[in-house]
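# Structural overview for review
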Amino acid sequence: MKQFWYGLVLFLFLALPPVRHLLESIMAFHMHMQMPLLFVSGLLMAPFFMKRFKNFFDQWNGSGLPGVILFLVIVLYWMVPKAMDESLEIMAVEAFKFISLPFLAGVPLRDSWVRIGKATESVLLLALAILFSIMAYLYILFESTLCNNYLLVDQKTVGWGFAFFSLCLILYLVLTLFTDQSQYYDEAST
Amino acid sequence: MANTMQSHMKKNTLPLVHFFLAFIMLLIGGTLGLLQGLNRGGVFELPASFNYYEVLTLHGILLILAFTTLFTNGYMYAAVRHTLGELSKTVKILAWSSLASFLIGSVLVVWMVLAGEATVMYTFYPPMQASPWFYIGLVFVVLCIWLAGLGIFISAFQWKRRNRGQHLPILAFFAVGIYTLVIFGSIGVTVEVLMLIPWAFGWTETINVMLSRTLFWSFGHTLVNVWYLVAISVWYTILPKIIGGRIFSDTLARLVVILIVILNVPGGFHHQIVDPAFSEGLKFMHVFMSLSIAFPSLMTAFAMFAVLERTGRKRGGRGLLGWLWVLPWGDVRFLTIMIAMISFIIGGAGGIAQTNNQLNQVVHNSLWVVGHFHITVGVTVVMTFFGLVYWLIPHLSGRVMTPFIHHLGMFQTAVWTIGMALMALSMHAAGLFGAPRRTSYTTYGDSATALGWEPYLSFLATGGTLLFFGVILIVYIVAHLMFFAPKGDTPFMDSRVEDNAHPTPKWTENWGLWVIVAILIISMGYVVPLVDLIENAPPGSPPHRTW
Ligand code: HEM
Ligand SMILES: [Cu+2]
């Protein structure tokens, strides 16, 4: 329950107009800070929903795959440059961002995470790493602006952000594949 | 006896040689400090052949690069050997090559400065351009750090293999954190130096000044926190033993190490608050990055008070503050560390003030800043190092400290504390009134403002003179403990945790994960400004020689 409140506070904080304004004024903050933090707020709030709507999740997300797919769809949607542009100009799209990233990406992914096996987990990480590498490639090398609201240099910055992000994902993947992470779990906390 | 003695010396040559060289650096660096202090006090002018700025460049490099690196390597190798067992052959080779690399590097650097080819201060900001050999020397110094780190990592790895499922002993855990942090911190400066070398050879014509400064401070700032981490490794693990207590919380100590390693590198921006080329918003964000490091420091302060109070009460201290008086103030190994910790409260407060944009404007590049880091480095870190000397060196050399050396140590501690207090406080004051740092003595044509600094500058010179005696004393003490003290056994002073302590969670051992998180946080801090500095760069600067 504590986690739920942390998540909710984070969510509300991100929705404060000055915070929104600051984070959206710089493309890299918009894409690599606001959006991931919204997603994280969803992750934190997830246990509450998982308990409250246990039947619903059991019925619709039994294997965990539907949740993963929903998560991927939402992430892919927000990779489209136009989506970000619209969120700056159309209030409904902005609202959709604040709903989709926590509740349609964060919550389902956390619910799925305990259901999917290690193999699916690794495939998912790999898929994300590949996706973000493509984004990095595109954003760093593309010669014209993809987002009307930001400058070309902002776009390059975001590209490098993607590059480091996917580097971290790949390193994490390697870590989970080649080391026994269970040695770091405490019996009590699992 | 003579035999065990020799075998002691032989077994421990590696750390002993490090300490020996470290204190030679302190001796030379301290002597140069005296020259600077006397010059600023208006006592004498330095000759043109060895001017103020050459002296200052060497003072900075010898003390904050050479002394601290050698001391840290010596201490950490001694600690790892004590806690993890005999170093393997590979590790020994790595450690000795690290030392060799250091020697090659420092010979090049010092030579170039003495030749008047590198009067660029320890920050070597372009567009001031030194001889390429100066920068090549720096590459060897970085290499020294990396090799030393590699040796520590291998030792830790081998130990984990032999002791599956166990926690790395706390001192070794600190060692892993320290070298992880310094390696992360040195990546930026390595890139910088590799850009400076072709520029200094004349193969490239210009240099991106802002980029270089930013890369430099990602290192400079981290280095400061590396010393700090070295110092708190002593506070957490050794101080309790000295006062007859136990480690307050093993988990807390490890958490602090992890937090410092993860959060640190992006803090470098607080050294560039007055630099152009960063937007206000960015500077604002980085105040948070800087202050986030205050958080583990507050945790440390909490843990230290807890240890001191518990132990004090065990020793019979009663009432609100009774525990404080019963602590072993007459034991030099304690007194040094205690003074170090107290001065950190003062230095930390100054640091938190400085990191704010508006306050920084007032003191930037003034003597205030020099006062600040003579308290943080010159007392907090150096005094902790001195505190180690009294038992670690005899432990390694197979000797025991005599009561006379103990008295001398108490005296040294007093001299150093009073000297630094005098010097640093008057630096703070003179700085507030506008006296610039890095400036040889001048009255600016007898301007009234500059003449107003005079009294403070004479205090500065007095403090500096006291400090010089402090240097002589500690060097004598080190030499005595290393070569002349009576033979015997001095134990290694590492502490145990409280009996009723909670078991340390296993996730703390997950260094692979901490490294990834650190990369993530470093890229969060640096991608935006670096891309901006590169993409929006003005034409680069050709070299300048200001001396
Ligand atoms: C004998 C003791 C010492 C004396 C008398 C002394 C004195 C001074 C003085 C007068 C300055 C120059 C201020 C200026 O013109 O900007 C200075 C700079 C400096 N000192 Fe010390 N100091 C001593 C010990 C130390 C120690 C132990 C350290 C660090 C471990 C240290 C690190 C530095 C650094 C980094 C600078 C700045 C150099 C620069 O601005 O490039 N000093 N010191
Ligand atoms: Cu700093």
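Residues numbered from 1 in each chain as written. Chains lettered and ligands numbered in written order. Predicted model: local features only at pLDDT ≥ 70, side-chain atom pairs only at ≥ 80, totals over all residues. Heavy atoms only, no water.

Let us now look at the overall build of chain B. Secondary structure assignment for chain B yields 18 helices and zero strands. Against the compact-globule benchmark of 24 Å for 547 residues, chain B has a radius of gyration of 23 Å, which places it among compact chains. C-alpha atoms of chain B, sized along the principal axes, occupy 60 × 50 × 50 Å. Burial analysis of chain B (547 residues in total) assigns 62% to the buried set. Taking as baseline every contact in chain B between residues at least 6 positions apart, the subset at least 24 positions apart corresponds to 85%. Here chain B has roughly 21,200 Å² of accessible surface; of this, 71% comes from carbon and sulfur atoms. Across chain B, the centroid of the 28 positively charged side chains sits 16 Å from that of the 20 negatively charged ones. (Helix = DSSP H or I, 4+ residues; strand = E, 2+ residues; numbered from the N terminus. Rg over C-alpha atoms; globule rule 2.2 N^0.38 Å. Buried < 20%, exposed > 50% of the residue type's maximum accessible area, 1.4 Å probe, protein only. Contact = heavy atoms within 4.5 Å. Areas by Shrake-Rupley, 256 points an atom, 1.4 Å probe, with all protein chains shown as cover. Lys, Arg positive; Asp, Glu negative; His and termini not counted. Charge placed at Lys NZ, Arg CZ, Asp CG, Glu CD.)

This brings us to the overall build of chain A. Across its full length, chain A carries nine helices and zero strands. Mapped in sequence order, the helices and strands of chain A form the string α-α-α-α-α-α-α-α-α. For 190 residues, the compact-globule estimate of 2.2 N^0.38 gives 16 Å, and chain A sits close to it at 17 Å. For the C-alpha atoms alone, the extent of chain A along its principal axes is close to 50 × 35 × 25 Å. The buried share of chain A, reckoned over its 190 residues, is 44%. Put simply, of all contacts in chain A between residues at least 6 apart along the chain, 73% involve residues at least 24 apart.

A separate point is the coordination of the copper ion (ligand 2). Every protein donor of the copper ion (ligand 2) is accounted for by B:His221 (ND1), B:His270 (NE2) and B:His271 (NE2), and the metal-donor separations fall at 2.0 to 2.1 Å. Every donor residue of the copper ion (ligand 2) comes from the same chain, spaced as H-x48-H-H. (Donors = N, O, S within 2.8 Å, 3.2 Å for Na, K, Ca; no water.)

Our focus in this paragraph is the environment of B:Met338. All names here are of chain B. Mapped onto the elements of the fold, Met338 is located in helix H12 (residues 332-354). Separated by 131 residues in the primary sequence, Met338 and Phe469 have C-alpha atoms spaced 21 Å apart. The residues touching Met338, leaving out its near neighbours within four places in the chain, are Leu308 and Trp329.

Another aspect to go through is the coordination of the iron atom of ligand 1. Residue and element names in this part refer to chain B. Here the iron atom of ligand 1 is held by His59 (NE2) and His374 (NE2), and the distances to it run 2.0 Å. Angles of 85 to 180° at the metal separate the six donor atoms of the iron atom of ligand 1, which places the site in the octahedral class. Taken together, the residues His59 in helix H3 (residues 52-84) and His374 in helix H14 (residues 367-397) connect sequence positions 315 residues apart. Of the two residues examined, His59 and His374, each falls in the buried class. (Tetrahedral: all angles 85-135°; square planar, octahedral: opposite > 155°, others 65-115°.)

Interface size, as often reported, equals the accessible area lost upon joining of the parts. Counting residues at the interface gives 19 residues for chain B, matched by 22 residues for chain A. Along the contact surface separating chain B from chain A lie one salt bridge. The salt bridge involving B:Glu535 is made with A:Lys156; its shortest N-O contact spans 3.5 Å. On inspection of chain B and its partner chain A, the count reaches two residue pairs in polar contact (both at pLDDT 80 or more). For the side of chain B that touches chain A, the leading source of residues is helix H18 (residues 511-535) of chain B, giving eleven residues. Of the residues contributing to the side of chain B that touches chain A, the split by class is eleven nonpolar, five polar and three charged. (Salt bridge = Lys/Arg side-chain N within 4 Å of Asp/Glu carboxyl O. Polar contact = N/O pair within 3.5 Å; in protein donor to acceptor, adjacent residues only side chain to side chain. Nonpolar A, V, L, I, M, F, W, Y, C, P; charged D, E, K, R; others polar.)

Okay, the environment of B:Leu215 next. All names here are of chain B. With respect to the helices and strands, Leu215 occurs in helix H7 (residues 209-237). Overall, Leu215 belongs to the buried group, its relative accessible area being 8%. The spatial distance from the C-alpha of Leu215 to the C-alpha of Gly268 is 8.7 Å, given a sequence separation of 53 residues. If we ignore the near neighbours within four places in the chain, the residues touching Leu215 are Gly188, Val189, Val191, Glu192, Met195 and Leu530.

The subject of this paragraph is the nonpolar core. By size, the foremost hydrophobic cluster in this structure holds 237 residues, and its most contacted members are B:Phe23, B:Phe67, B:Phe71, B:Tyr75, B:Phe124, B:Phe134 and B:Tyr135. Among residues more than four places away in sequence, those in contact with B:Phe71 are B:Phe19, B:Ala22, B:Phe23, B:Phe385, B:Leu388 and B:Val389. (Core = buried A, V, L, I, M, F, W, Y, C linked by side-chain atoms within 4.5 Å.)

A few words on the packing of aromatic side chains. Inspection of every chain in the model, using the stated rule, returns 49 aromatic pairs over all chains. A centroid spacing of 4.9 Å and a plane angle of 25° characterise the contact between B:Tyr228 and B:Phe344, whose relative ring orientation is stacked. One end of the pair, B:Tyr228, is in helix H7; the other, B:Phe344, is in helix H12, with 116 residues separating them in the sequence. For B:Tyr228, a relative accessible area of 5% corresponds to the buried category. Relative accessible area serves as the criterion here: at 21%, B:Phe344 is assigned to the partly exposed category. The interplanar angle of 90° and the centroid separation of 6.0 Å between the aromatic rings of B:Tyr444 and B:Trp453 together place this pair among those described as edge-to-face. On the basis of relative accessibility, which here comes to 42%, the residue B:Tyr444 falls in the partly exposed class. Put simply, the rings of A:Phe4, A:Trp5, A:Phe11, A:Phe48, A:Phe49, A:Phe53, A:Phe98 and A:Phe103 touch in pairs and so form one group of aromatic residues. (Phe/Tyr/Trp six-rings, centres within 6.5 Å; stacked < 30°, edge-to-face > 60°.)

Bringing the site of ligand 1 into the picture now. Residue and element names in this part refer to chain B. Around ligand 1 sit 26 residues, and of these Arg40, Tyr52, His59, His374 and Arg438 come closest. His59 places a polar side-chain atom, nitrogen or oxygen, 2.7 Å from a nitrogen atom of ligand 1. Mapped onto the shell around ligand 1, the elements with two or more residues apiece are helix H2 (13-40), H3, H14, helix H15 (403-432) and helix H17 (454-484). At six residues, the largest contribution of residues to the shell around ligand 1 is made by H2. Residue classes in the shell around ligand 1 are distributed as 15 nonpolar, eight polar and three charged. (Near = heavy atom within 4 Å.)

Let us now look at the side chain of B:Glu54. All names here are of chain B. As for its placement among the helices and strands, Glu54 is situated in helix H3. Look at Glu54: it is buried, it has no salt bridge, and the nearest opposite charge is Arg545 at 7.8 Å. Excluding residues that lie within four positions of it along the chain, Glu54 makes contacts with Ser49, Val113, Leu114, Gly116 and Thr119.

Residue and element names in this part refer to chain B. Running from N to C, H3 and H7 cross one another at 40°; their axes reach a closest spacing of 11 Å. With respect to H7, the element H3 is oriented oblique. The way H3 lies across H7 gives a crossing that is left-handed. From H3, Ile64, Leu65, Thr68, Thr72, Tyr75 and Met76 reach across to H7, where they touch Phe219, Leu223, Trp227, Val230, Ser233 and Val234. Taken together, the residues of the contact of H3 with H7 break down into nine nonpolar, three polar and no charged. (Axes fitted to C-alpha atoms, helices over the stretch in contact; angles between N-to-C directions. Parallel < 35°, antiparallel > 145°, perpendicular 65-115°, else oblique. Left-handed = near helix turned anticlockwise from the far one by under 90°.)

This part covers a nonpolar patch on the surface. Residues and elements named next belong to chain B. Taken together, the side chains of Phe20, Ile24, Ile28, Phe483 and Phe484 define a hydrophobic patch exposed on the protein surface, amounting to about 470 Å² of accessible area. Looking at the nonpolar patch, the elements that each hand over two or more residues are H2 and H17. Broken down by element, the nonpolar patch gets its largest block of residues, three residues, from H2. Position of Phe20 among the secondary structure elements: in helix H2. With a relative accessible area of 37%, Phe20 lands in the partly exposed category. (Patch = residues over 30% accessible without salt bridge, like charges linked within 9 Å, V, L, I, M, F, W, Y side chains within 5 Å.)

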